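Geometric and topological summary
For reference, the chains in residue letters:
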Amino acid sequence: MAGVAAPDHVVVVGAGFVGLSTAWYLQEAGVKVTVVDRGGVASGSSWGNAGWLTPALTLPIAEPAIFANGLKMMLDPTSPLYIPLRADAKLLRFLLGFAWHSMPKRWEAAMRIFSEIGVTGLDAFDEIAQRTAAGPGVAEQTKPANPFLTGFTSFKDRDSLLHEFEMIEKTGGNVEYELLTGDQLRGIEPTLSDNVAAGVAIKNQRYINPPKFMASLAESVIERGGDIIGAFNVTDIRDNKNSVTVIGSEGRAITADHVVLATGAWMTDMAKKFGVNVVVQAGRGYSFTVEPEHMPTHPIYFPTQRVACTPLGDRFRIAGTMEFRDVNHKLEPKRIEAIVAAATPVYKGINWEHRKEEWVGGRPCTADGLPLIGRTGSERVSVGGGHGMWGVALGPLTGKILAAQITGQDAPAIARHFNPLRKGF
């Protein structure tokens, strides 16, 4: 909202990608920031994800093909998409909305919004890498994929991805890619098995090492004068009409001019008192790392198996699955085993028993696939979250939008689609 006076001090709740990016951009506007988190930097879904910055694959989760294999598949704990069957009103409401937005016309409408985002998410990564008058940028750089690879065990499976690319172009986006045979893929990455029959090399995509990047982003925020406080478990937010107080356990409290809730899959609980009624459901993803005989040098995605793989220097991260259940539920070994079972046929030279860094994180999902970014029913409380699998790719852009809105500057036009007070499931 242009013309609004900028606050002097903002508390950001959440030290993940969205929270720290918001802090960084607020510092650009001269605002003092304090970031608090129940754990610490990247203690939620920001740490163990695949780290992809891929406009070509940043698409709404709810899609017509998601129900193609039927409800039986989704109730199978070894399937890529798993929904535990239980009585849960919040989950049921989310799933009804998810099904509604998976209809072709609604999916196409969401695709148009993601096509509008385009490369602006990558532009924001370039911005936060720069030293400015406010202080140093993020030292850890993004990495060009050169190219980003996708693999398939059949040419028929590849057609599904090509159809998505056609939809991106139909809705105003652009994807540059090259079709590859299995042998051509193995020429690039020898660790791929003979079961890989076809692939696509996607140009102009990037990736990061999430733990390193998050540590570097946090360091930049601190060097710019920000405070990051871990082990701060927020229990309440109080709007005092001329200030806002963040209440923590054990009587801790911080009063500021504005607060940003960037709490990921925990957002619904704190934001609903400020008029945010869209359900944010945890879409839990799992990952682990291995050390192949031939370390891959490119990110690789197997869409049919829903397996995402990223080289992190000395180790190879394997990530996958979408599990709609309580964000605080323990890690389920069967879900790790399901990823191993899906990945084993398409690789060679990997000892899958020597896994390290097994991890689960609750990606915050909305039924319509669009994040919640902006002011709530309180002019002193804003939210940023609900990005699904794309909190990393869209984190800096989200921070840029929020900082502009909070300080009274003109926000990027794409922000109009992300109103957290919108009606819906």
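If you're wondering where the values come from, they're calculated on a predicted model, not measured in any experiment.

Calculation notes
Residues numbered from 1 in each chain as written. Predicted model: local features only at pLDDT ≥ 70, side-chain atom pairs only at ≥ 80, totals over all residues. Heavy atoms only, no water. Phe/Tyr/Trp six-rings, centres within 6.5 Å; stacked < 30°, edge-to-face > 60°. Buried < 20%, exposed > 50% of the residue type's maximum accessible area, 1.4 Å probe, protein only. Helix = DSSP H or I, 4+ residues; strand = E, 2+ residues; numbered from the N terminus. Expected span 1.5 Å × (residues − 1). Pairing = 2+ DSSP bridges. Axes fitted to C-alpha atoms, helices over the stretch in contact; angles between N-to-C directions. Disulfide = S-S within 2.5 Å. Salt bridge = Lys/Arg side-chain N within 4 Å of Asp/Glu carboxyl O. Parallel < 35°, antiparallel > 145°, perpendicular 65-115°, else oblique. Left-handed = near helix turned anticlockwise from the far one by under 90°. Contact = heavy atoms within 4.5 Å. Nonpolar A, V, L, I, M, F, W, Y, C, P; charged D, E, K, R; others polar.

This part covers the packing of aromatic side chains. Describing an aromatic ring pair means giving the distance of the ring centres and the angle of the ring planes. Following the criterion strictly, the structure yields 14 aromatic pairs and no others. Plain terms: the ring middles of Trp-24 and Tyr-25 are 5.2 Å apart, the flat faces sit at 75 degrees to each other, and that makes the pair edge-to-face. As far as the burial class goes, Trp-24 and Tyr-25 line up, both buried. Between Phe-316 and Tyr-347, the ring centres sit 5.9 Å apart and the planes meet at 80 degrees, which makes this aromatic pair edge-to-face. Taken as a pair, Phe-316 in strand 18 (residues 316-324) and Tyr-347 in the loop between helix 10 (333-343) and strand 19 (356-365) lie far apart in primary sequence, 31 residues in all.

With 12 residues, helix 1 (residues 17-28) should cover 16 Å at 1.5 Å per step; its first-to-last C-alpha distance of 17 Å lies within 8% of that length. Of the residues making up helix 1, those classed as buried are Phe-17, Val-18, Gly-19, Leu-20, Ser-21, Thr-22, Ala-23, Trp-24, Tyr-25, Leu-26 and Gln-27. Positive phi appears at Gly-30, one or two residues downstream of helix 1, with a value of about 85 degrees.

The next thing to look at is the sheet that holds strand 13 (residues 253-256). Strand order in the open sheet formed by 3 strands is 11-12-13, with antiparallel pairing between adjacent strands. Both outer strands of the open sheet, strand 11 (234-239) and strand 13, are each paired with one neighbouring strand and no more. The average angle at which neighbouring strand axes cross in this sheet is 15 degrees, direction not considered. As defined by bridge partners, strand 12 (residues 244-248) adjoins strand 13 across 4 bridges and the pair is classed as antiparallel. Note that in strand 13 the partner of Thr-245 across the bridge is Thr-255.

Attention now goes to the state of the cysteines. This structure, assessed with the given rule, holds 0 disulfides. Not engaged in a disulfide, the cysteine Cys-309 finds its nearest cysteine sulfur in Cys-365; these two sulfurs lie 20 Å apart. For Cys-309, a relative accessible area of 0% gives the class buried.

This paragraph deals with unusual backbone geometry. That bond from Asn-146 to Pro-147 is cis: its omega, -10 degrees, falls within 30 degrees of zero. For Asn-146, which is not glycine, the phi torsion reads 45 degrees and is therefore positive. Within the fold, Asn-146 resides in the loop between strand 5 (143-144) and strand 6 (148-152). Residue Lys-241 is not a glycine yet carries a positive backbone phi of 80 degrees. As for its placement among the helices and strands, Lys-241 is situated in the loop between strand 11 and strand 12.

Paired through their backbone hydrogen bonds, the strands of a sheet run either parallel or antiparallel. In spatial order, the strands read 3-9-5; together these 3 strands make up an open sheet with antiparallel pairing. Bordering the open sheet on either side are strand 3 (52-53) and strand 5, each of which pairs with just one other strand.

As a further point, take the pattern of salt bridges. The final tally for this structure, using the stated rule, is 25 salt bridges. We note a salt bridge from Glu-323 to Arg-284, for which the minimum N-O separation is 2.7 Å. A residue pair is termed long-range when its members are at least 10 positions apart, and Glu-323 in strand 18 and Arg-284 in strand 15 (residues 281-290) qualify at 39 residues. Exposure class is identical for Glu-323 and Arg-284. Each is buried. Through salt bridges with shared partners, a single ionic network connects Arg-284, Glu-323, Arg-325, Lys-330, Glu-332 and Arg-335.

What follows covers the packing of helix 1 against helix 11 (residues 395-406). Where helix 1 contacts helix 11, the two axes come as close as 7 Å, and the packing angle between them is 45 degrees. Taken together, the axis directions place helix 1 and helix 11 in an arrangement best described as oblique. As for the relative orientation of helix 1 and helix 11, their crossing is right-handed in sense. Two secondary-structure elements touch here, helix 1 through Val-18, Ser-21, Thr-22, Tyr-25 and Leu-26 and helix 11 through Gly-395, Pro-396, Thr-398, Gly-399, Lys-400, Leu-402, Ala-403 and Ile-406. Residues belonging to the contact of helix 1 with helix 11 are distributed by class as follows: 7 nonpolar, 5 polar and 1 charged.

None of this, on its own, says anything about what the molecule does.
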